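# Chain and residue survey
The chain contents come next:
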Amino acid sequence: VPDPSWHARRIAGDYARRNTAAVLTTALDLVTSPGFDPATGFEHIRELVEGATAPPRDDGLRSMNTIVMDVLHSLERESERGLTTGIRDLDDGLCGFAPGELVLIAARPGVGKSVLAAGIAAHVTQDLGLPVLLCSLEMSAEEITTRLISASARVPLWNLLRRQIADAEWPRIAKAADRISDSPLVIDDTPGASLAHIRSRLRALARSSPARMLVVDYLGLLDAPKAENRQVAVAGLSRGLKLIAREFGIPVLAAAQLNRGPEQRTDKRPQLSDLRESGAQEQDANIVILLHREDAYNR
């Protein structure tokens, strides 16, 4: 008796081959067209090829019975709703960062949004042992690593920058360096990275060790798509980060700048309306963490 699965595999293979041939023809038309934009065109071609070669999946809607069972299983298996930050009071208030969420850390320059973002990434990689992709558009990988060593070793950053390190501090630095070296943290310091670039990095990591969190420092320095004005461009960036969180099923943590609103108030405390350049950030984000330090204004 012929094996029915042999015919099924052959039909599926022919279907995939025809799809791939059609995609390659489309890709050739795209790259030879006069208006081809490499910044977005290559990412579009990559998505077409991956879609044509990916194994078939069931995209049908789930029944409520299936969804309820999935929720109950997560309640039984998981001790936390999402990834913790390492700051106990913050974790109690937010219940962790859940997959698919966009979280903004917003502050005025110099208040500490990059420090907090890097600290949370360090906690997830070192304490939880989970892979994290940190896209830094403001600092180099060496600068971030220096700050991580300073925080982990509890050695003042100023000592490391001035290369004035006491003999008693070297053992702590060596221990911190070993711990950071063994952590699954991936730093991408490509200047002017775009959303397409970040997607390609996440797809590359997914082949070996999928990232469990994405950290972007910071949103305002991302290469924005062409738009009629800056507000529309920033709105596209925040929406794109939210779609990345949903597509890859990971929390996305992004630093964002505030306008000068806090400096014009007596108490200097930030508000959601202070988010710079676009109100779409407030709409797209699941959580907005506003940082305020008294000593930033009154030393």
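Note: the structure precedes this text.
Residues numbered from 1 in each chain as written. Predicted model: local features only at pLDDT ≥ 70, side-chain atom pairs only at ≥ 80, totals over all residues. Heavy atoms only, no water.

## Let's talk about the sheet that holds strand β2 (residues 132-136)
One open sheet holds the six strands; their spatial order is β3-β2-β4-β5-β1-β6, and the pairing between them is parallel. On the outer flanks of this sheet lie β3 (185-188) and β6 (287-290), each paired with one strand and no other. For this sheet the average axis-to-axis angle between neighbouring strands, irrespective of direction, equals 20 degrees. As paired elements, strand β4 (residues 213-217) and strand β5 (residues 252-257) share three bridges and run parallel to each other. Paired with Val215 across the two strands is Leu253, which belongs to β5. Its contacts with the sheet put helix α9 (residues 195-206) on β2, β3 and β4, and the angle it makes with β2 is roughly 155 degrees. (Pairing = 2+ DSSP bridges. Helix = DSSP H or I, 4+ residues; strand = E, 2+ residues; numbered from the N terminus. Axes fitted to C-alpha atoms, helices over the stretch in contact; angles between N-to-C directions. Contact = heavy atoms within 4.5 Å.)

## Describing the pairing of strand β1 (residues 102-107)
The side chains of a regular strand alternate between the sheet's two faces. Summarising burial for β1: six of the six residues are buried, a large majority. A two-sided burial pattern is seen for β1, the buried positions comprising Leu102, Leu104 and Ala106 on one face and Val103, Ile105 and Ala107 on the other. As judged from the six bridges shared by β1 and β5, these two strands associate in the parallel manner. The residue of β5 that forms the bridge with Val103 is Leu253. (Buried < 20%, exposed > 50% of the residue type's maximum accessible area, 1.4 Å probe, protein only.)

## Some points on the packing of helix α6 (residues 141-153) against helix α8 (residues 170-181)
Contact geometry for α6 and α8: axes closest at 9 Å, N-to-C directions at 120 degrees. Between α6 and α8, the crossing angle belongs to the class labelled oblique. As α6 packs across α8, the resulting crossing turns out to be right-handed. Facing α6, whose interface residues are Leu148, Ile149, Ser152 and Ala153, α8 presents Arg172, Ile173, Ala176, Arg179 and Ile180. (Parallel < 35°, antiparallel > 145°, perpendicular 65-115°, else oblique. Left-handed = near helix turned anticlockwise from the far one by under 90°.)

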